[in-house]
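Now for the letters of each chain:
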Amino acid sequence: SPAEENECNRNFPEWACQRKAKLEHLNKKLTSAVEVLQEFAELRDSNQDYSRALAFRRASSVLKSLPFQVQNVEQLKGLKDIGEHVKTVISDVLDHGSSSEVEEILKSEWFKKMKLFTSVFGIGPSTAKAWIERGWENLDDAQKDGCPSGDWRIAWGLAFFEDLNVPVGRIEAIAFSQIVQEEAECILPGVITTLVGGFRRGKSQGHDVDILLSHPTDGAEMGLLPKLIAALGKRGLVLIGHKEKNSFRSDILYQDFKLSARGQLDHFEKWLGICKFPKSFSTPKISKKSKPEINQPTPCTTDTDLKATADSSLDESMNELYEPKAKKTKGSEAIELEPNRISAAPRDWLARRVDLIIAPKSQYYYALVGWTGSKHFNRDARLYAQKKLGLKLTSHGLFNLEKREPLTAQSEEEVFSHLKLPYIDPADRNC
Ligand code: DGT
Ligand code: MG
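In this text, all values refer to a predicted model and were calculated from it rather than measured experimentally.

Thresholds, definitions, all that
Residues numbered from 1 in each chain as written. Chains lettered and ligands numbered in written order. Predicted model: local features only at pLDDT ≥ 70, side-chain atom pairs only at ≥ 80, totals over all residues. Helix = DSSP H or I, 4+ residues; strand = E, 2+ residues; numbered from the N terminus. Buried ≥ 20, exposed ≤ 12 C-beta atoms within 10 Å, placed from the backbone. Contact = placed C-beta atoms within 7 Å. Pairing = 2+ DSSP bridges. Axes fitted to C-alpha atoms, helices over the stretch in contact; angles between N-to-C directions. Core = buried A, V, L, I, M, F, W, Y, C linked by C-beta atoms within 7 Å. UniProt positions renumbered as here; feature names shortened; annotations may be inferred. Near = placed C-beta within 6 Å. Nonpolar A, V, L, I, M, F, W, Y, C, P; charged D, E, K, R; others polar. Domains from an automatic or database assignment. Parallel < 35°, antiparallel > 145°, perpendicular 65-115°, else oblique. Left-handed = near helix turned anticlockwise from the far one by under 90°. Expected span 1.5 Å × (residues − 1).

**Q** Is there a simple way to think about the overall build of the protein in this case?
**A** From N to C terminus, the protein includes 19 helices and 10 strands. Taken over 431 residues, the protein has a buried fraction of 37%. Long-range contacts, defined here as pairs at least 24 residues apart, represent 72% of the contacts in the protein between residues at least 6 apart.

**Q** Quick question: what am I supposed to make of the sheet that holds strand β4 (residues 209-214) here?
**A** For sheets, the rule is that strands pair by backbone hydrogen bonds, running either parallel or antiparallel. Reading across the sheet, the 5 strands line up as β2-β4-β7-β6-β5 and stay open at both edges, with mixed pairing between neighbours. Strand pairing shows two members of the sheet lacking a second neighbour, β2 (192-195) and β5 (238-244), which therefore form its edges. Between one strand and the next, the sheet's axes are offset by a mean angle of 20°, whatever the strand orientation. In terms of strand pairing, β5 meets strand β6 (residues 269-278) through 6 bridges, oriented antiparallel. By the bridge assignment for β6, G241 is matched with G273. Most of the contacts of helix α17 (residues 361-372) go to β4, to which it runs at about 165°, and overall it touches β2, β4 and β7 (349-358).

**Q** Which parts of the structure should I look at to understand the nonpolar core?
**A** Side chains of nonpolar character tend, in soluble globular proteins, to be buried together. Within the largest apolar cluster, 96 residues are counted, with the highest numbers of intra-cluster contacts made by V34, F176, L212, I357 and A367. Top element by residues in this core is helix α2 (residues 28-44). It accounts for 8 residues. In contact with L212, not counting residues within four places along its chain, are T194, V196, I357, A359, A367, L368 and W371.

**Q** How do you make sense of the UniProt feature "binding site: Mg(2+)" (unreviewed entry) in the protein when you look at a structure like this?
**A** Mapped onto this numbering, the UniProt entry annotates "binding site: Mg(2+)" (unreviewed entry) at D208, D210 and D355. The greatest C-alpha distance among the annotated residues, which extend across 148 residues, is 7.5 Å, indicating that they converge on a single site. Here D210 shows up in strand β4. If we ignore the near neighbours within four places in the chain, the residues touching D210 are V196, G197, D355 and W371. Structurally, D355 can be placed in strand β7. On the neighbour-count criterion, D355 (17 C-beta atoms within 10 Å) is partly exposed. Not counting chain neighbours up to four residues away, the residues in contact with D355 comprise D208, D210, K270 and L272.

**Q** How should I be thinking about the sheet that holds strand β9 (residues 398-400) in this particular structure?
**A** With antiparallel pairing, 3 strands are arranged side by side in an open sheet as β8-β9-β10. The open sheet is flanked by β8 (392-393) and β10 (405-406), the only strands paired with a single partner. Bridge count for β9 against β10 is 2 bridges, and the pairing is antiparallel. Bridging from a neighbouring strand, F399 pairs with P406 of β10.

**Q** What am I meant to see in the site of ligand 1 here?
**A** Neighbouring ligand 1 are 17 residues; G197, G198, G206, D266 and G373 lie closest to it. Looking at the shell around ligand 1, the elements that each hand over two or more residues are α17 and α18 (375-389). Partitioned by chemical class, the residues of the shell around ligand 1 number 2 nonpolar, 10 polar and 5 charged. Looking at the shell around ligand 1, you find at least three residues from each of domain 3 (167-358) and domain 4 (366-428).

**Q** Sorry if this is basic, but what is going on with the packing of α2 against helix α5 (residues 100-107) here?
**A** To describe two helices that pack against each other, one gives the angle between their axes and the distance between the axes. One way to put it is that α2 packs onto α5 with a least axis distance of 9 Å and a crossing angle of 50°. Taken together, the axes of α2 and α5 are oblique relative to one another. In this structure, α2 crosses over α5, and the sense of that crossing is left-handed. Contacts from A33, V36, L37 and F40 of α2 reach α5 at E101, V102, I105 and L106. Class assignment for the residues of the contact of α2 with α5 results in 7 nonpolar, no polar and 1 charged.

**Q** Explanation requested: the environment of T408 in the structure shown.
**A** Topologically, T408 is positioned in the loop between β10 and α19 (412-418). By C-beta crowding, T408 is classed as partly exposed, having 14 other C-beta atoms within 10 Å. Considered as a pair, T408 and S51 are 357 residues apart in the sequence and their alpha carbons are 33 Å apart.

**Q** Where do I start with the domain arrangement of the protein in this structure?
**A** Accessible area lost upon the coming together of the parts is a frequently used measure of interface size. If you check the domain split of the protein, you get domain 1 (2-105), domain 2 (111-163), domain 3 (167-358) and domain 4 (366-428). Relative to domain 4, the C-alpha centre of domain 2 lies at a distance of 35 Å.

**Q** Would you take a moment to explain the pairing of β4 for this structure?
**A** A regular strand places its side chains so that they alternate between the two faces of the sheet. With 6 of 6 residues buried, β4 lies mostly within the body of the structure. Side chains V209, I211 and L213 project from β4 onto one buried face, and the interleaved D210, L212 and S214 project onto a second face that is buried too. Of the strand pairs in this sheet, β2 and β4 are connected by 4 bridges, and their pairing is antiparallel. The residue bridging T193 from the neighbouring strand is L213, located in β4.

**Q** Honestly, helix α11 (residues 170-187) in this entry has me stumped. Any pointers?
**A** An α-helix turns once per 3.6 residues; consequently, residues spaced three or four apart project the same way. For α11, built from 18 residues, the straight-helix expectation of 26 Å at 1.5 Å per residue is met to within 8% by its first-to-last C-alpha distance of 26 Å. Residues of α11 that are buried include every one of E172, A173, A175, F176, S177, I179, V180, E183, A184 and I187, and no others.

In structure tokens:
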């Protein structure tokens, strides 16, 4: 009833991180319209667009958490994140089935090209804009020119564009993370492997597979990543990737709130890359006969193998294999030809984006929250921590900048209680 709705709006929690937002909600038609405006603003990416994008994101987040289906804008009375612009869009959708502003954007050539170009691994809005300014219409134009920046992500992203734009299914993601768990357990018994990102929030599909690794003993996780990549490589699962060293520095952290205000970057040791998922990964396990690969206990790398990969010289040669040979030859010819040659050859696997993140146990639960997302949940929780509590929240911890001390957590629940927030289940963080 209107009275109940009014009451609901009055008590509606101000922050997205205080609300439950399930994947399935009652106002999908409205949120998809608002999200087009948000995306358009994000792609235009001027300072003004940044705050517009934020306003649309907040509005769509409110719609996702509403316990009723909006049928007229009157029902939105009292909700502070729904501004006049959004109300107009919503009325249009409610009255005419669509919003003319949204339709215009969807029709615009600029938007279509930006969406296409930014869907290439390694391409952000600024490179996409530069491509458009060069007059490029499609990915063939980009392919023809090769990979002008010599960035390995773009070269491989272009060569495997089709594979990488087929959504990763939940079954594949689980099959792969089980293998990661097995291999990691051989290298570091007791290792904790968690499938994070959208899959942890209950999504059935994603654009990549995010896996967080840790170990109950702080520090034991050091050295795991290169061995793990080598072990996955031995199993034929690695196509290309790049390791980033841990760059966490508490002295820099305590300086101010501003660090990574716009970005989402953290400082964990990680591997960002592309893996080869055998097609059998996406076949549900039906009978023993059909696809035995992921059912059988898989022999993992032996102890001697481990010693070998621990050997630093071998480690180096492994790096060569799984890291781009950046500009060894003149220009970027080498990294351009290789990905195209591999993608054109017959193969029984799909290329999939994988992120492997290593967190020490002392930072693990914050990393878990950060890498579970959603992105808006993180942004909102970080802003909430700063504005309401005067604390800095990152994927590394929650920090009191004045006292220069971290608030440590032994569980995800404790992260929420430090934040003075009700615990929100991962499935309810789809805000
Ligand atoms: P997807 O893969 O399209 O289904 O969507 P998500 O929600 O898995 O998003 P994704 O894969 O871009 O990132 C997973 C979560 O991890 C997301 O909530 C944001 C967070 N995240 C991504 N990259 C970074 C990063 O570099 N640093 C931090 N702290 N968080 C990140
Ligand atoms: Mg993901």
